[in-house]
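Spelled out, the chains give:
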Amino acid sequence: MNFQAVKAIYFFEMARFFRTLLQSFVSPVISTSLYFVVFGTAIGSRIQEVEGISYGAFIVPGLIMLSVMTQATSNGSFGIYFPKFIGTIYELLSAPINYFEILLGYVGAAATKALFIGLVILVTADIFVDLKIMYPVAMILFLVLTCISFSLLGFILGIWARNFEQLQLVPLLVVTPLVFLGGSFYSVSMLPPIWQKITLFNPVVYLVSGFRWSFFGNADVPIVVSLFAISSFTIVCIVIVAWIFKTGWRIKQ
Amino acid sequence: MLLEVNELRKTYATGFEALKGISLKVNNGEILALLGPNGAGKTSLISTICGITNPSSGSVSIDGYDISKNFRDARKLVGLVPQDITLEPFEKVLNTVNFSRGLFGKKKDDALTEKVLTKLSLWEKRDSRIMELSGGMKRRVLIAKALIHEPRLLFLDEPTASVDVELRQSMWNVVADLKRDGVTIILTTHYIEEAEAIADRVGIINKGELVLMEEKASLMQKFGQKILKIELQRRLNKLPEELSKKNVKLSGDGLSLTYIYDTKQKKTGITKLLSDLSRSGINLRDIQTDQSSLEEIFVNLVKENME
C-alpha cells in the first residue's frame, strides 16, 4: 500500500479546498441562512410544526443533506475530472500506485470537504433554531456514509464526463431535484396518497428520512430500510468504480 | 540492461495500430534518441512503457521488473516528462514538485527539492504559481517533477518542441548534467540536430516500427554520404573528361572540385581520384570532407521505409 501517495493526493486536494476556504466556508453559511429566512421564517410561520417538531428544526437534516449530497458529488467529480481535463492524469497513471489508492485519495478528500460543509451548516442552523440530536452516533454514521457514497458517485461522474457541461449535468439535473423531492423540506406524510407511493422510488427519501430520524427519532420509512438504502447505494458505487478500474474505462486507452 | 522491450504492440480502440511489434534494449547510463515523424508511434511507445496506455501484446521490463506484474517496482525507477505542458495553473512550483514525490511513495526531502530546483534554475521561483511562469520555466517544472523521486530512467517526450533556440541549448545542458549523474535518458524528438547533439544511440521509428537502432557515430558512418571538397591552385576552365565521368563537379568559379562518395562502400574512389588529378596536372591547395547530417540520413531512411 502506497500510503504516501494517498496522503499526497488527499492533501493536494484539500489544499485546493483551503485555497478557497472563505468561499468554501461562507457560501454554505449564507445559503443556509437564506433557507432559514425563506423556508423557516416565511413559510415556517404558516406551517408551525411538522410531526411535533418546529418547522425550522425539521428542515435542518434536509438542508444538510441537500448541501452534502451536491457538494460531495461536485467535489468528487471535479477532483478526478480536472487532472483529466488539463492532462496531469499522466502522473497518476505512471506513478507506482494502484486504483484503490487513487480512489482513497480523491474520494477521501471530497468526502472530508462535504463533511466539513455539513458540519458548518449544522452549526449555522443551531444559531437559528433550537436543535437537539437524539442519536448523535447514528447522525455521524449517516452523514459520513452519505459523504462517501456521493463522493464515489461524483468520482464516477468525473471519469464519465467528457466536458464541463456533462460534469454539471447529474448534480444539477438529477441530484438536486431528487433531494428537493426527497422530503428535505417536508414530511412524506404531508403528500397526497398517490405521491406518497411515487416518492418511495426516490432513493434520497430513504437517506433524508434516516438522517432526520437520527435528529428527532421520527422517520418516513423504517430506519433499517434507510440504512439498507445508503449501504446499497455505497456498494453499487463501489462496484461501478471497481469495474471502471478493471477496464480502464475513459481513463486508459 | 535497464530497459527491455519485447515485441510491443499497441492497437487503439479505433483500430489504429500505433506500435507494430517494437523490440529494443537500453543500457544503464546511455542517452537514446527516438526519431520519427509526427504520428510515428514515439509517444505511444513511451506511454505504453510508463503505464499511461495498456499494451495490446508484448512485454516491457525495467531493471528486470515487468511493467504489468511488478508495476510498483518498475514505475519507481521511471520519470516521465510529457510532450505537452500539463500543470495545474494555480499550484505553486514547490507544492506541485512535492506532490509528484509523494505519488512515488517518498516523503518530502527539502534538501533534494532545493538541489533539483536549483539545478533547473527554479529555486527562486519556488513560491510562484505555475501560471506566472514562462513557457521554458514550465517545461523545467515538468522535468523537476519527473526527477524529484530520483528515477534511474527518464523519458523526455519531445523536450524541446516549440521552444526557442536558447532554451533548447539549455535543455541539452540539463540532459548532459543528468547523464553525468548516471540517469539513463530516452528522448523522442523530430529535431535531428537534437539527437545529433546529445544522443549516444539513435532509434528511428516510422509507422509504428523501429526502422533502425544504431550508435549515433556508426549510424552516421554507415549511412552518411561524405563530400570531398578540393580547392585548386589554379582556375580550371573545364573538367577533364575522365573526371567528369566520376561524379566530380567543378564549381562555377573553377577554383574547386566536389566529389560525393558513400562511406558504406569498400572503395570510396578517393585514391583513384587523387591520382587522376595528379596525372592531369591539377595542383591542389586544400582538401576537406563534410559528413551528411542525421537529417539527411533520416529523410533517406523514412523515404526508403515508405517505398
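Worth saying up front: this structure is predicted, and the values here are computed from it rather than measured.

## A closer look at the overall build of chain B
- Scanning chain B from N- to C-terminus turns up 11 helices and 14 strands.
- Out of the 307 residues belonging to chain B, those deemed buried represent 36%.
- Residue pairs at least 24 apart in sequence account for 70% of intrachain contacts in chain B once pairs closer than 6 positions are excluded.

## Quick word on the interface of chain A and chain B
- At the junction of the two partners, chain A supplies 20 residues and chain B supplies 26 residues.
- If you list the elements that add at least two residues to the side of chain A that touches chain B, you get helix H1 (3-19) and helix H4 (89-94) of chain A.
- Of all the elements, H1(A) adds the most residues to the side of chain A that touches chain B, at six residues.
- Split into classes, the residues belonging to the side of chain A that touches chain B amount to 10 nonpolar, seven polar and three charged.

## Examining the sheet that holds strand E7 (residues 153-157) of chain B
Residue and element names in this part refer to chain B.
- Pairing is mixed across the open sheet formed by six strands, whose spatial order is E6-E7-E8-E3-E9-E10. A strand with exactly one partner marks an edge of an open sheet, and here the two such strands are strand E6 (78-81) and strand E10 (209-215). When the angles between neighbouring strand axes are averaged without regard to direction, this sheet yields 15°.
- As paired strands, E7 and strand E8 (residues 184-189) are joined by five bridges and run parallel to one another. Within the sheet, the bridge partner assigned to Leu154 lies in E8 and is Ile185.
- In the packing of helix H5 (residues 135-147) onto the sheet, contacts are made with E6 and E7, and the angle to E6 comes to roughly 170°.
- Packing of helix H6 (residues 165-180) onto the sheet brings it into contact with strand E3 (31-35), E7 and E8, and relative to E8 it is tilted by some 155°.

## Side note on the domain arrangement of chain B
- Looking at chain B, the domain boundaries give domain 1 (3-221) and domain 2 (225-291).
- One C-alpha centre belongs to domain 1 of chain B, the other to domain 2 of chain B, and the line joining them spans 45 Å.

## A word on the packing of H1(A) against helix H3 (residues 93-103) of chain B
- Across the interface, H1(A) lies against H3(B) with an axial gap of 7 Å and an inter-helix angle of 150°. Comparing their axes, H3(B) and H1(A) come out roughly antiparallel. Contacts between H1(A) and H3(B) involve Gln4(A), Ala5(A), Lys7(A), Ala8(A), Phe12(A) and Ala15(A) from the former and Asn95(B), Phe99(B), Gly102(B) and Leu103(B) from the latter.
- Looking at side-chain class alone, the contact of H1(A) with H3(B) contains six nonpolar, three polar and one charged residues.

## What to know about helix H10 (residues 270-279) of chain B
- Of all 10 residues in H10(B), zero are buried; the element is thus mostly exposed.
- With its phi angle positive at about 75°, Gly281(B) sits one or two positions after the end of H10(B).

## Re the sheet that holds strand E5 (residues 65-66) of chain B
Residues and elements named next belong to chain B.
- The four strands are arranged E2-E1-E4-E5 in an open sheet whose pairing can be described as antiparallel. At either margin of the open sheet sits one strand with a lone partner, and together these are strand E2 (17-26) and E5.
- Pairing of strand E1 (residues 3-11) with E2 involves seven bridges; the strand directions are antiparallel. Counterpart to Thr11 in the pairing with E2 is Glu17.
- Against the sheet, helix H1 (residues 42-50) engages E1, E2 and strand E4 (57-62), with an angle of about 65° to E2.

Thresholds, definitions, all that
Residues numbered from 1 in each chain as written. Chains lettered and ligands numbered in written order. Predicted model: local features only at pLDDT ≥ 70, side-chain atom pairs only at ≥ 80, totals over all residues. Helix = DSSP H or I, 4+ residues; strand = E, 2+ residues; numbered from the N terminus. Buried ≥ 20, exposed ≤ 12 C-beta atoms within 10 Å, placed from the backbone. Contact = placed C-beta atoms within 7 Å. Nonpolar A, V, L, I, M, F, W, Y, C, P; charged D, E, K, R; others polar. Pairing = 2+ DSSP bridges. Axes fitted to C-alpha atoms, helices over the stretch in contact; angles between N-to-C directions. Domains from an automatic or database assignment. Parallel < 35°, antiparallel > 145°, perpendicular 65-115°, else oblique.

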